[in-house]
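Analysis of the macromolecular model
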Amino acid sequence: MLVQNSLSEVLRAREELFSRTNWNDPTSQLQNRVKGEDLARYFVLSDSERVGIQNTIRLLVSTTPYYLSLSDPSDPNCPIRRMIVPTKEEAIFSLEESADPLEEERLSPVRGLTHMYPNRVLLFSNHSCSVYCRHCMRGRKVSSNEERMEKSDLESAFDYIRNHPEIEDVVVSGGDPLNLADLRIEWILKELNQIPHVKICRLGTRNPVTLPFRITDAICQIIEKYNDDNLSIFCNTQFNHPKECTKETKEAILKLLKVGVSVGNQAVLLKGINDDEETMLTLHKKLLEMRVRAYYLYDPELIPGSRGFRTPLARGIEIVEYMRGKIGGMGIPQFVNDLPGGGGKITIGANWYLGFYPKTRQHVFRSAVTKKIHFSFEPIGSNKESYYPKISDEEWEKWKPR
Ligand code: SF4
């Protein structure tokens, strides 16, 4: 039976938790994580959240004290809280959902490695994280002890990469690779660094957001050591809301930048959390201030219990369309859909290009800034005119330069 605490009890419990946590120490943050039904001590729960905590069909429930401190104890609509606390929608498995919509397991030649694109692989280094995000698309693996990657599993994955010279780029993800011990991370980076055809390593980590203190001097030194002429190391993180952009996260990002790691953001479009234009614009402005470049905005996957997070596809297109012209291009994410069935990612965007009018050899565009129609000419001698969608005489009459 979940406890039902009053706001003053919740605030007292939070104060006690925060004071017993050695705040800047990542180990202390992890040791003091709030798990499962204990969440009831730190939030005045709604009925929906009570059902969610008790009946979730997804990954474990857990948050660091740091990330908890960003959440609102009494407002169930707080965006950070929505990413920490399950709601009743998480207890429903809908017919169209699948635990592995991208068919990563089918595309896995060895345990813990997915080879979907010809020159890139995804390596699942581990399956633990600092916070278990309710929208996580790898709920089938993340937080499960059965999915634990042993050293021998990683060795088999490295053998596979070694034996496939076409692999140039390895995404190390999970779970969160930065939840591994420093020594294990060093070993992984060293192995990748020593494979001559692997040129790029991308660390997928949410720790800069959920446990920024994990970006220690020691881990930065390790990353710097293997970020060299043989291997370029990038970091892709996942900020989803402006409230996540704190002084602590900024310091963590700066540390990564100082060791030559370029940091990009892969946000997830989440209903009721960031699915409005101004929130997304503010988030990306704050990210740029932290020198984080926008990379992707993901349309959430059709995973079990995801109905509470999914938005119409049009929302992502509209949001990115709104951002164009209001922030520099490096602050605008590409809206992507990772195609169910293992089709890989595709980008979906607003239609700024309206087509080609063969009679005048003009292209017709819609401007994001002026909102007017603009024109340019196809080069003389072009053999690409059949490539473009054609504009009819009727449409041309409507749009032609006056
Ligand atoms: S940190 Fe990433 S892998 Fe871990 S729960 Fe969150 S989204 Fe999933």
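Residues numbered from 1 in each chain as written. Predicted model: local features only at pLDDT ≥ 70, side-chain atom pairs only at ≥ 80, totals over all residues.

Put simply, the rule is: UniProt positions are given in the numbering used here, feature names are shortened, and annotations may be inferred rather than shown by experiment.
Per an unreviewed UniProt entry, the protein is named L-lysine 2,3-aminomutase, and its organism is Leptospira biflexa serovar Patoc. Comment text from UniProt for the protein, heading Sequence similarities (unreviewed entry), reads "Belongs to the radical SAM superfamily. KamA family."

**Here's the deal with the domain arrangement of the protein**
What counts, and what does not: Boundary definitions for the domains trace back to an automatic or database domain assignment.
Entries for the protein in the domain assignment read domain 1 (7-91), domain 2 (113-346) and domain 3 (353-399). Of note, the centres of domain 1 and domain 3, computed from C-alpha atoms alone, are 54 Å apart.

**Thoughts on the pairing of strand E4 (residues 120-124)**
Spelled out, the test is: Any residue with 12 or fewer other C-beta atoms within 10 Å of its own C-beta is exposed, any with 20 or more is buried, and the rest are partly exposed; the C-beta atoms used are placed from the backbone. Under the scheme used here, helices are H or I runs from DSSP no shorter than 4 residues and strands are E runs no shorter than 2 residues, and both carry numbers assigned from the N terminus. A pair of strands is treated as paired once DSSP finds two or more bridges between them.
E4 sits mainly inside the fold: four of its five residues count as buried. In the sheet, strand E3 (residues 113-117) pairs with E4 via three bridges, with the strands oriented antiparallel. Across the sheet, the residue bridging to Leu113 is Leu123, located in E4. Counting the residues between successive antiparallel strands, the hairpin from E3 to E4 contains two residues. Summarising the sheet, E4 and strand E5 (residues 169-173) pair through five bridges and their orientation is parallel. Residue pairing across strands places Leu123 opposite Val172, the latter belonging to E5.

**Some thoughts on the sheet that holds strand E12 (residues 353-357)**
Stated precisely, the cut-off is as follows: The axes used here are C-alpha line fits, helices contributing only the stretch in contact, and every angle between their N-to-C directions lies in the interval 0 to 180 degrees.
Taking strand neighbours across the sheet as the criterion, the three strands line up as E12-E13-E14 in an open arrangement whose pairing is antiparallel. Looking at strand neighbours, the two that pair on one side only are E12 and strand E14 (373-377), the edges of this open sheet. Averaged over neighbouring strand pairs, the angle between their axes works out to 25° when direction is ignored. As paired elements, E12 and strand E13 (residues 362-366) share four bridges and run antiparallel to each other. What sits directly across from Tyr353, in E13, is Phe365.

**Here we look at the UniProt feature "modified residue: N6-(pyridoxal phosphate)lysine" (unreviewed entry) in the protein**
Rules: Contacts here follow a simple rule: the backbone-placed C-beta atoms of the two residues must lie within 7 Å.
Following the UniProt record, the feature "modified residue: N6-(pyridoxal phosphate)lysine" (unreviewed entry) maps to Lys345 here. Summarising the element assignment, Lys345 is placed in strand E11 (residues 344-347). Setting aside chain neighbours within four positions, we find Lys345 in contact with Val336 and Asp338.

**Here we look at the site of the ligand**
Note the threshold: Only the C-beta atom, placed from the backbone, is used; a residue is near a molecule or strand if that atom lies within 6 Å of it. Any residue that is not Ala, Val, Leu, Ile, Met, Phe, Trp, Tyr, Cys, Pro, Asp, Glu, Lys or Arg is counted as polar, Gly included; the first ten are nonpolar and the last four charged.
Close contacts around the ligand come from Cys129, Tyr132, Cys133, Cys136, Arg138, Val142, Gly174, Gly175, Asp176 and Arg206, and that covers them all. For the shell around the ligand, the residue count by class is five nonpolar, two polar and three charged.

**Here we look at the UniProt feature "domain: Radical SAM core" (unreviewed entry) in the protein**
Per the UniProt record, "domain: Radical SAM core" (unreviewed entry) is found at residues 114-333. Along residues 114-333 the backbone is 34% helical and 17% strand, and the end-to-end C-alpha distance reaches 24 Å.

**A few points about the environment of Thr311**
Note on placement: Thr311 falls in the loop between strand E9 (293-298) and helix H12 (313-323). Residues Thr311 and Pro196, spaced 115 residues apart in sequence, show a C-alpha to C-alpha distance of 43 Å. What Thr311 contacts, discounting residues up to four positions off in sequence, is Leu269, Lys271 and Asp275.

**Describing the environment of Glu244**
Along the chain, Glu244 turns up in the loop between strand E7 (232-237) and helix H10 (247-258). When the C-alpha atoms of Glu244 and Ser71 are compared, they prove to be 9.7 Å apart, with 173 residues separating the residues in sequence. Among residues more than four places away in sequence, those in contact with Glu244 are Leu70, Val209, Phe239 and Thr249.

**Details of the sheet that holds strand E10 (residues 334-339)**
Pairing between the strands of a sheet comes from backbone hydrogen bonds, and it takes one of two forms, parallel or antiparallel. Spatial strand order, E3-E4-E5-E6-E7-E8-E9-E10-E11: nine strands in an open sheet with mixed pairing. What marks the edges here is a single partner per strand, and that holds for E3 and E11. Looking at each pair of strands side by side, their axes are set apart by 25° on average, direction ignored. Where E7 meets strand E8 (residues 262-268), four bridges bridge the pair, whose relative direction is parallel. Bridging from a neighbouring strand, Phe234 pairs with Ser262 of E8.

**Digging into the nonpolar core**
Quick note on the threshold: Put simply, a nonpolar core is a cluster of buried Ala, Val, Leu, Ile, Met, Phe, Trp, Tyr and Cys residues tied together by C-beta atoms within 7 Å.
Counting residues in hydrophobic clusters, the biggest one holds 80 residues, and the most contacted among them are Leu39, Leu123, Tyr132 and Val170. Looking at this core, you find at least three residues from each of domain 1 (7-91) and domain 2 (113-346).

**Section: unusual backbone geometry**
Apart from glycine, the bulk of residues carry a negative phi angle, and the bulk of peptide bonds sit in the trans form. Going from Gly174 to Gly175, the amide bond is cis rather than trans, its omega being 20°. Relative to the helices and strands, Gly175 is located in the loop between E5 and helix H7 (182-193). Positive phi is not limited to glycine here, since Ser143 has a value of about 75°. The topology assignment puts Ser143 in the loop between E4 and helix H6 (151-162). Unusually for a residue other than glycine, Lys371 sits at a positive phi of about 65°. Structurally, the position occupied by Lys371 is in the loop between E13 and E14. According to the C-beta neighbour criterion, Lys371 is exposed, with 8 such atoms within 10 Å.

**Remarks on the packing of H7 against helix H9 (residues 217-226)**
Short version of the rule: Reported orientations rely on four angle classes, namely roughly parallel under 35 degrees, roughly antiparallel over 145, roughly perpendicular from 65 to 115, and oblique for the rest.
Across the interface, H7 lies against H9 with an axial gap of 9 Å and an inter-helix angle of 10°. In terms of axis orientation, H7 runs roughly parallel to H9. Between H7 and H9, the residues in contact are Asp182, Ile185, Glu186, Leu189, Lys190 and Asn193 and Ala218, Ile219, Ile222, Ile223 and Tyr226, respectively.

**Quick look at the packing of helix H11 (residues 277-289) against H12**
To keep it simple, the criterion reads: Working rule for handedness: look at the near helix, and if it is turned counterclockwise from the far one by less than a right angle, call the crossing left-handed; if clockwise, right-handed.
At their nearest, the axes of H11 and H12 sit 9 Å apart, and the two run at 55° to each other. On the basis of their axis angle, the class for H11 and H12 is oblique. Relative to H12, the crossing made by H11 is right-handed. Only Ile319, Tyr322 and Met323 of H12 make contact with H11, whose side of the interface consists of Glu277, Met280, Leu281 and His284.

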